[in-house]
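# Per-entry structural report
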Amino acid sequence: MTPATTVQLGQYPPARRTLLHLSDTHLLAGNRPLGGRFDTAANLARTLEAAEATGIRPHAVVFTGDLTDLGEPEAYAALRAVVEPFADRLGAPIVWIAGNHDERPELRRSLLDLEPTQEPVTGVWDLDGLRLIALDSTVPGWHHGDLDTRQLEWLSEVLAIPAPLGTILALHHPPLPSHVPLFDILELRDQGRFAETIAGTDVRAILAGHLHYSTSGTFAGVPVSVAAASCYTMNLARPAVDVNGMDAGQSFHLVHVYDDTITHAVVPVVDAPTGDYFSAEWLERMSRLTPEERLEAFSRKRP
């Protein structure tokens, strides 16, 4: 955690756990331009550089799918070569989620050092009491999403025992509607069974990707947060029927887990001048004041 996360200036104590949530890297072998125009490796490097510049020391780095565009071994190797040193510097485990552009056998072999089978890519992480569960919503040979009976039964068994700080689920296809028509075809199907599986459990949040734009909503009463892509994002400043990709607007999420809530901050990957009023020195100075003195120093409006 950064120094700022250990100081309490208001009514909320520092977050119990933090996650770094990224999505849709879509790397290609030889770093061929995605769609003939997007430099996915360069955009990923910029995104990781921006994430590291925040000073965050997360409990996990979560990539919610479409790690490669075609499931090529070289693309997975390139992804691993960039992300593993990054995660090592942050001191955090990597959680790889399968997306519809991935291929399960090669993902399992190249990223997880497992047998290259069509078994779903799932897993459970205990992050000092916060449980993170990776689900695999991919359907081999298709781009839409689904969670089969076997996986939902496994999820139900895991959730039968609550975790001390609750559970966060991560999958590629979000269980949310999209106002962009193309995603209606590629949605997560049969969401009713998924809702029944998590009803009454300790699931506190769902992380997803797939849409290439940041959005949020609720599913079965659980907050859902979708991270935009690092490769390219959807230009939503157009009529929904004309929405297409653009090489701008990339971002990632900082997920902060508190006792009674979870926040998902969208962090844009931009190079823009900013002010220099707030700093570690300012925070240290505020921390030495009493609550009343802080209000007087910073909250009171001056004539």
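Please refer to the structure higher up on the page.
Let me sum up the structure you'll find in this document.

Procedures and definitions
- Within each chain, residue numbers correspond to sequence positions counted from 1 in written order.
- Thresholds applied to this predicted model are a pLDDT of at least 70 for local features of residues and 80 or more for the giving and counting of side-chain atom pairs; totals over whole chains, interfaces and linings are not thresholded and use all residues.
- As a convention, hydrogens and water are excluded, and side-chain values are obtained from all of the structure's heavy atoms.
- For helices the rule is a DSSP run of H or I covering at least 4 residues; for strands it is a run of E covering at least 2, with both sets numbered from the N terminus onward.
- Radius of gyration here uses only the C-alpha atoms, and the compact-globule reference equals 2.2 Å multiplied by the residue count raised to the power 0.38.
- Any residue under 20% of the maximum accessible area for its type is buried, any over 50% is exposed, and the rest in between are partly exposed; the area is computed with a 1.4 Å probe on protein chains only.
- The contact definition used throughout considers only heavy atoms, calling two residues in contact when any of these lie within 4.5 Å.
- All accessible areas in this document rest on Shrake-Rupley with a 1.4 Å probe, and a residue is counted as covered only by the protein chains that are shown.
- Within this scheme the basic residues Lys and Arg register as positive and the acidic residues Asp and Glu register as negative, but His and the chain ends are omitted.
- In this description, the location of a charge corresponds to atom NZ of lysine, CZ of arginine, CG of aspartate or CD of glutamate.
- To get an axis, fit a line to the C-alpha atoms, keeping to the stretch in contact for a helix; angles then go from 0 to 180 degrees between the N-to-C directions.
- In what follows, roughly perpendicular refers to angles from 65 to 115 degrees, roughly parallel to angles under 35, roughly antiparallel to angles over 145, and oblique to any angle outside these ranges.
- Following the grouping adopted for this structure description, the nonpolar residues are Ala, Val, Leu, Ile, Met, Phe, Trp, Tyr, Cys and Pro, the charged ones are Asp, Glu, Lys and Arg, and the polar ones are all others, Gly among them.
- The rule for pairing is simple: two strands pair if DSSP sees at least two bridges between them.
- A pairing counts as a salt bridge when a side-chain nitrogen of Lys or Arg comes within 4 Å of a carboxyl oxygen of Asp or Glu.
- A clockwise turn of the near helix away from the far one marks a right-handed crossing, whereas an anticlockwise turn of less than a right angle marks a left-handed crossing.

When helices and strands are tallied, the chain shows eight helices and 13 strands. Expected size for 303 residues packed as a compact globule is a radius of gyration near 19 Å; at 20 Å, the chain falls within 12% of this value. Taken along its principal axes, the extent of the C-alpha atoms in the chain is 65 × 45 × 40 Å. Taken over 303 residues, the chain has a buried fraction of 48%. Sequence separation of 24 or more characterises 67% of the internal contacts of the chain that already satisfy a separation of 6 or more. Surface summary for the chain: the accessible area is close to 14700 Å², and the carbon and sulfur share equals 54%. Across the chain, 23 positive and 39 negative side-chain charges occur, with their mean positions spaced 6 Å apart.

As for its position among the elements, P268 is in strand β13 (residues 262–268). Taking the C-alpha atoms as reference points, P268 and R204, separated by 64 residues in sequence, lie 25 Å from one another. Apart from residues no more than four positions distant in its own chain, P268 is found in contact with Q250 and S251.

Time to look at the packing of helix α1 (residues 40–53) against helix α2 (residues 73–90). As a packed pair, α1 and α2 sit with axes 11 Å apart at the nearest point and diverge in direction by 5°. On the basis of the axis angle, α1 is roughly parallel to α2. Taking contact as the criterion, the partners of L44, L48, A51 and E52 in α1 are, on α2, L79, V82, V83, F86, R89 and L90. Residues belonging to the contact of α1 with α2 are distributed by class as follows: eight nonpolar, no polar and two charged.

On to the sheet that holds strand β6 (residues 167–170). Strand order across the open sheet formed by six strands is β4-β5-β6-β7-β9-β8, with mixed pairing between neighbours. For this open sheet the edge positions go to β4 (123–127) and β8 (215–219), each flanked by a neighbour on one side alone. For this sheet, the mean angle separating the axes of adjacent strands, direction not counted, is 20°. Relative to strand β5 (residues 130–134), β4 runs antiparallel, the two being bridged by five bridges. Bridge pairing links D126 to R131 in β5. Along the sheet face, helix α4 (residues 149–159) touches β4, β5, β6 and β7 (203–208) and points at about 175° away from the line of β5. Of the strands in this sheet, β6, β7, β8 and β9 (222–226) are in contact with helix α6 (residues 191–198), which crosses β8 at around 70°.

Take unusual backbone geometry next. Positive phi, normally seen in glycine, also occurs at D113, with a value near 55°. Using a relative accessible area of 55% as the deciding quantity, one classes D113 as exposed.

Moving on, we get to the environment of E196. Along the chain, E196 falls in helix α6. On a C-alpha basis, the gap between E196 and S156 in space is 9.5 Å, while along the polypeptide they are 40 residues apart.

Further remarks concern the pattern of salt bridges. According to the stated counting rule, one finds 14 salt bridges in the structure shown. In this structure, the salt-bridge partner of E84 is R80, at a minimum N-O distance of 2.6 Å. Here E84 pairs with R80, and both are found in helix α2, just four residues apart, close to one helical turn. Taking the relative accessible area as the measure of exposure, E84 reaches 28% and is therefore partly exposed. A salt bridge links E281 to R285, with the nearest nitrogen and oxygen atoms 2.7 Å apart. Within this pair, E281 and its partner R285 are both found in helix α7 (residues 280–287), separated by four residues, close to a single helical turn. For R285, a relative accessible area of 30% corresponds to the partly exposed category. Among the ionic contacts, a cluster of salt bridges with common partners joins R80, E84 and D113.

Let's shift gears to the packing of α2 against helix α3 (residues 104–112). α3 packs onto α2 with a crossing angle of 35° between their chain directions and a minimal axis gap of 9 Å. The hand of the α2/α3 crossing is right-handed. Contacts from P73, Y76, L79 and R80 of α2 reach α3 at E106, L107, S110 and L111. Across the contact of α2 with α3, the residue classes break down as five nonpolar, one polar and two charged.

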